[in-house]
Structures are given as C-alpha cells and as structure tokens.
Number of protein chains: 2
Amino acid sequence: MTDTARGTARRYGTRPTMKDVAARAGVGLKTVSRVVNGEPGVTPDTERRVQEAITTLGFRRNDSARILRKGRTASIGLVLEDLADPFYGPLNRAVEEVARSHGALLINGSSAEDPAREQELVLALCARRVDGLVIIPAGDDHRYLEPEIAAGIATVFVDRPAGRIDADVVLSDSFGGAREAVAHLIAHGHRRIGFIGDQPRIHTAMERLRGYRTAMAEAGLPIDASWVALGSTAPERVRAAAAAMLAGPEPVTALFSGNNRVTVTAVRILGERPRPLALVGFDDFELADLVSPAITVVAQDAARMGRTAAGLLFRRLDGIEEPPCRVEIPTRLITRGSGEIPPEDV
Amino acid sequence: MTDTARGTARRYGTRPTMKDVAARAGVGLKTVSRVVNGEPGVTPDTERRVQEAITTLGFRRNDSARILRKGRTASIGLVLEDLADPFYGPLNRAVEEVARSHGALLINGSSAEDPAREQELVLALCARRVDGLVIIPAGDDHRYLEPEIAAGIATVFVDRPAGRIDADVVLSDSFGGAREAVAHLIAHGHRRIGFIGDQPRIHTAMERLRGYRTAMAEAGLPIDASWVALGSTAPERVRAAAAAMLAGPEPVTALFSGNNRVTVTAVRILGERPRPLALVGFDDFELADLVSPAITVVAQDAARMGRTAAGLLFRRLDGIEEPPCRVEIPTRLITRGSGEIPPEDV
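- Going by the annotation in an unreviewed UniProt entry, the name recorded for chain A is LacI family transcriptional regulator, with Streptomyces kasugaensis given as the source organism.

If you want it as structure tokens, here you go:
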C-alpha cells in the first residue's frame, strides 16, 4: 500500500465512527452494527446505503473493542528498545500490572534500537491481534502504523515521541532534568563539564544535550566541542570519550552522563582515577547509593511512565475518542556525593 | 480435553511423522503431503487410507515447520518469571540474538511467578501462532502443553525444569554452585552460616538449599533450623530473615544469599553493620565489584543459558527428532572480598 492509497492520517479525534455512518446513511446505530457484523434483519437497500456510507467515510470496524467485548483474552504489546536495560524493568512491570488489572496479557518485544526491526515487530504483533500497543520507538517515521491505527489498534508511545504521526506520548522531562543536573555541577564550582550521551538520532539524547547546553549558556559558560560526545553506550566508546575529555591542558572537571548505561561505565572510570571527578548521571540505578562515592542522579519515574502510558492505552481501548495527548513526567535530582565534589583546581 | 482423551504424552522422539503415516497407509510421502495439505491428485480410496493412518497414529501436521517454510515471519515466544529481574536481561538478549540469526522475531511475556498466569500466557502465545517457546516455568505441571507440543510447537525450558512432561531443559548447576559457595565460606573459618533463599516451590531455590546442606554436612557442621530462610525475595522479608539469624547468643557469621535479589538487600544490611559479616551471593550483578567490600559471587552464565536454549529450540524447529535433553551449564565462583572475611570471633 502506498502512502497515497492510505490517504491522510486518520487521527483518533477524526476517525469516523459507527455513529457517523448511521447519520450519513440515515439509519439507526443498530442497523449499522448489523451490517458491519454480518447479522440478519437488514433489507438489501438499507445494506447498500450503509455500505456506501462506510466506503465514503472510510469507516473501519474497531476490531480491538470488538475483541475485548467478545471475551477473547485481550492482549497488549509493549515494544522496547533493549530488554536488558534496567531502566525498562520498572516501566515494563508497571505496564504489565495495568494490563493485568484490565484482564489483559502483556506481550513484549525488542527492537534492539533498529527502526526496521521495530516496524517488523509492531506489524507482527498487529497481525497476531494485539488490541493495543505501547511503543518505545527506535525509528522516527511511524506512518507505517496508520493503517493499523485506522483499523482500531490503539497506540501509545512512551519515553520517546512518535515520528510523523499524531499519537499519545508519555515522556520524561529530559530537557529539564539535564538542565538541573548541569546547573547543579555549575553551582558546585565546575566550569568545564563534559556530556557523554546516547546516539544523536535518539530523542532523549538530544533533549538532554539541549538541557546541558542551556544550563551552560545560562551560566555564561562556553562549551568546547571536545566536551560533548554522543554515540553508542558501549563501555569502550564511553571510556574513549571520557579519556578525550580528560586529556589535554584544560580537562573537564565534571561529567554529566546521559543515561544509566553511560553512568555505570563512568562510575568505573571514576574508581580508577587518583583524583576526584564530579559526576551526575541521568537515570537512577540499583546500588547507586552504595558505591563510593555514592552517585548523584537525575531520577526518572519509569514506573509512573509505564503506568501512565498503559492507562492511556486502556482509555483508548475503552473507546475514549479525544485528540492525542502528550504527558511529561517530572524528573528528580537526588544528591548523594558524586555530584557535589568540587573541581580539582579550586 | 481431559488428560485421558489426550492420550499419553507425545514425545519428540516418538511423535509420528509423515513418513510413519506413509508407511502405514502404503503410499508415498508426497501422497501424504497432498492429503494433509488438501491438494488435488489423490483418489478417494487412497485419501481414506491416509486419513485412517493419520487417525490411528495420532499424526498432527507440524504447523510450525510449515509456517517457517511458507515464508511468514517466524516468531518464538519467551516466557519469563519477572521482566525486571536483571538476571534475565542477558538471557533474554541471547535468545533474541539467536532468534534474529534465524530470521525470527522474539515475543516475550512474564508469568510474574504465577503458574496460572504462565499457562494463560503460553496458550495465548500458541494461539497467536508462535513457532516455538522458551519457558522459564513458574508452575510445576506442564501437561497443559501436551496438545500444543503434539501440534508441533517446539518447547524448551530454561533455568528450571518442566513439570510432569518430558522436554528439553537448560539449567545452571545450582547445586554445585551453592555447594562451592558454602564450602568457600567454611574454608575461611565460618561454622555458623545462614542461607536466605527464594520460595521453596522454585526448583533453583531447593537445589541451592541442597548445595548448602551438602557443603555443611561434608564439613561435619550441624545446621540450626534458624539459619535457613526460604521465601519471597522482597527486601523486608530478607531483612527480617537476616535479623533473626543475627540475633541471639550464637549468631551466624556468614550469609549465603540464594539469588541476586536477595544479595542486593544483603549488601545493604552489610553496609549498615558496625562489624563485618561475610557474604557470598548466588548470581553476579552489575557493580558487585564496586561496592565496598566487593561481593564474592557464584556467577551463572545467563547468556550461555539463553543461547543454548534458543539453539535447542531452532534444532527442534528444523525438524531434529531426538529424545529431550537436559543441559547443565557450570557456575563460577568469583572472589572479590565479601566472601573472604573471617568470622568475628576467630
């Protein structure tokens, strides 16, 4: 199906309903329901009028709601980007708990940060009749989802927004959290602060970079190009980035790490250095308070993100039709020691 | 379907094949294939004979292999017990990598350690046409899977064995690892050692308890009933168990914790005590080397477990018919400090 054949995006708020079909065909809702579900009791002439209205309006039966009503085990899909990233643990579990409270099963899959894999997985889950999807997107173009959404599959994005379609999304305040983290380091005397973040095509990485830049600008501090390193969160890449920032005559005196994968490697680098280096990490992580020094972090409320996203999804499955919304969950700075270390040369 | 109606378990090695049907009906393999797939070119008499052989032998078409051949996206399901337990991260990712190398998608679900939920999820995945399943079981009776296995869904168990059916299983050497951990503590002078483990209905919890008991017996050491606590891994339960073992005139001088969830709480308890307490944990965990003291663990090779289980599954999907096997992956003691602390009173 080409983009043109698909027509324009059918948004939640504008998708034709059975009521619209009934009004256009000049019949009652029950009659439309009979035609749609192939039940008897409709005259051929009325059936033709209803079919014409369905075609004209582009109405598609909401199979999800129908499946839920029919008593078949409902299921929702959750598409993550990395099943082994501990940040997604509480999010995953929160979505599962909401699903369970609605009597639905949760099915997961991982895109492994590959947009093609994300699309393949999402469409496979749709083909397997999930009723709705919570997606942490890897890609930035989700128009492939339009026919599924039009066919009644509810979709909520979490952690990162959808690309080129209008859909519900639940985000952390990555910008605000990063800005607060860097302002905190500046308040403790740092002027040369490094930022090691995730790959630049990832929305949260860019938002955290924006927060870093904003905090530096607000303090009137210049940023040397060598202080910013975006890329894979693999330990060797993070080590190389940190080594580059710490070399030369004007090394950074503090690091702001863009997510928990980067932070864990940064903690190891800190432990190997003879002199202290300040560190604030984005994302809290298990045992952050038990390493020495304990790690100051910007904590995200991953469980609340998952709960909110799943809650929105079930509202959609309940038939609530309203324009897509964007929910932003605040972050929280937790000071534990590593972010309060003063610069070496002060 | 009752257990009786199902007949005896159809094992991999004994499941009738198309070849068996052909031999019994006295026709060629191609003829059986035509009948099974509803293709033309078979006389009514031959078709009747083939159908009789199918009924007599209890042959069922292997839909999984058929689906794989037909080019539809293959998919395998992985049923975990807790999506947020970091032990399953590398296992999960390893299964995913093997699936990907076979061009198959991985779909996950969590039983949340509830046998009813496990069954519901497994059957839902089967109904959604996964080609095979890797299962970390919560329950101890998997006879509900017999019709699915007979219908061609390949099944491999990992981390814990299947109950009441014969199936491939990949386990860690929980017994050997626990025995080595406790012998290590004994070698460092401990005589009163506590064991805090997971719930007694979990296979690995009982195997680790058996390893603990064996090591104590081999050293001629008695075990006080108050030194063993099996139950939930929730922090409050672990704290209460440790407090009970550390109270009284003859407190334990060392702890052996039964999995990473217990260990993380034990690490916190250690950090709060004025005097040292030895600790060896089952399962390695992130940052175990960076807390103080660094934690001695019995590491499981979770990635290897996942890789092995998924490899077995794809062998089954390739049509290899051989009796179910049991693979045991060795564990490895990693000494880091906490397990080498001598008893207080020595």
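**Structural notes on the sheet that holds strand β12 (residues 332-334) of chain A**
All names here are of chain A.
- Strand order in this open sheet of six strands is β7-β6-β8-β9-β10-β12, and the pairing throughout is mixed. Strand pairing shows two members of the sheet lacking a second neighbour, β7 (228-230) and β12, which therefore form its edges. In this sheet, adjacent strand axes meet at a mean angle of 15 degrees when their direction is disregarded.
- Contacting β6 (193-197), β7 and β8 (254-257), helix α11 (residues 235-246) crosses the sheet at an angle of about 165 degrees to β6.
- Sitting on the sheet, helix α12 (residues 260-272) is in contact with β6, β8 and β9 (278-282), with an inclination near 160 degrees to β9.

**Describing the relation of the copies chain A and chain B**
- Here chain A sits on chain B after a turn of 180 degrees about the axis and a move of 0.0 Å along it, with an RMSD of 0.1 Å. Such a combination of rotation and displacement between the chain copies is what one expects of a two-fold axis.
- Residue by residue, 100% of the interface of chain A is reproduced at the interface of chain B, so both copies engage with the same surface.

**Looking at the nonpolar core**
- Core analysis: the largest hydrophobic core is formed by 91 residues, its most contacted members being Phe256 of chain A together with Phe256 of chain B.
- With near-sequence residues (within four places) excluded, Phe256 of chain A lies in contact with Ala178, Ala181, Val182, Leu185, Ile193, Gly194, Phe195, Ile196, Arg208, Val280, Gly281 and Phe282 of chain A.
- Among the nonpolar cores identified, the runner-up in size contains 41 residues, and Phe157 of chain A together with Ala124, Val130 and Ile165 of chain B belong to it.

**Things to note about the pattern of salt bridges**
- Counting across every chain of the model gives 36 salt bridges over all chains.
- Between Glu120 of chain A and Arg117 of chain A there is a salt bridge, with its nearest N and O atoms 4.0 Å apart. One end of the pair, Glu120 of chain A, and the other, Arg117 of chain A, are both in helix α7 (residues 115-127), three residues apart, so they sit about a helical turn from each other.
- Owing to a relative accessible area of 8%, Arg117 of chain A belongs among the buried residues under this scheme.
- The closest approach of N and O atoms between Glu52 of chain B and Arg48 of chain B, which form a salt bridge, is 3.0 Å.

**Digging into the state of the cysteines**
Residues and elements named next belong to chain A.
- Throughout the structure, instances matching the rule amount to zero disulfides over all chains.
- Cys126 forms no disulfide, and the closest cysteine sulfur to it belongs to Cys325, at a distance of 20 Å.
- On the basis of relative accessible area, Cys126 is assigned to the buried category, the value being 7%.

**Here's the deal with the sheet that holds strand β12 (residues 332-334) of chain B**
Residues and elements named next belong to chain B.
- Within the open sheet, the six strands sit side by side as β7-β6-β8-β9-β10-β12. Their pairing is mixed. This sheet does not close on itself; its edge strands, each paired only once, are β7 (228-230) and β12. Between one strand and the next, the sheet's axes are offset by a mean angle of 15 degrees, whatever the strand orientation.
- By the bridge criterion, three bridges tie strand β6 (residues 193-197) to β7 in an arrangement that is parallel. Across the sheet, Phe195 pairs through a bridge with Val228, a residue of β7.
- Sheet strands touched by helix α10 (residues 203-218): β6, β7, β8 (254-257) and β9 (278-282). Its angle to β6, the strand with the most contacts, is close to 170 degrees.

Cut-off values and rules
Residues numbered from 1 in each chain as written. Chains lettered and ligands numbered in written order. Predicted model: local features only at pLDDT ≥ 70, side-chain atom pairs only at ≥ 80, totals over all residues. Heavy atoms only, no water. Pairing = 2+ DSSP bridges. Helix = DSSP H or I, 4+ residues; strand = E, 2+ residues; numbered from the N terminus. Axes fitted to C-alpha atoms, helices over the stretch in contact; angles between N-to-C directions. Contact = heavy atoms within 4.5 Å. Least-squares fit on C-alpha atoms with pLDDT ≥ 70 in both. Core = buried A, V, L, I, M, F, W, Y, C linked by side-chain atoms within 4.5 Å. Buried < 20%, exposed > 50% of the residue type's maximum accessible area, 1.4 Å probe, protein only. Salt bridge = Lys/Arg side-chain N within 4 Å of Asp/Glu carboxyl O. Disulfide = S-S within 2.5 Å.

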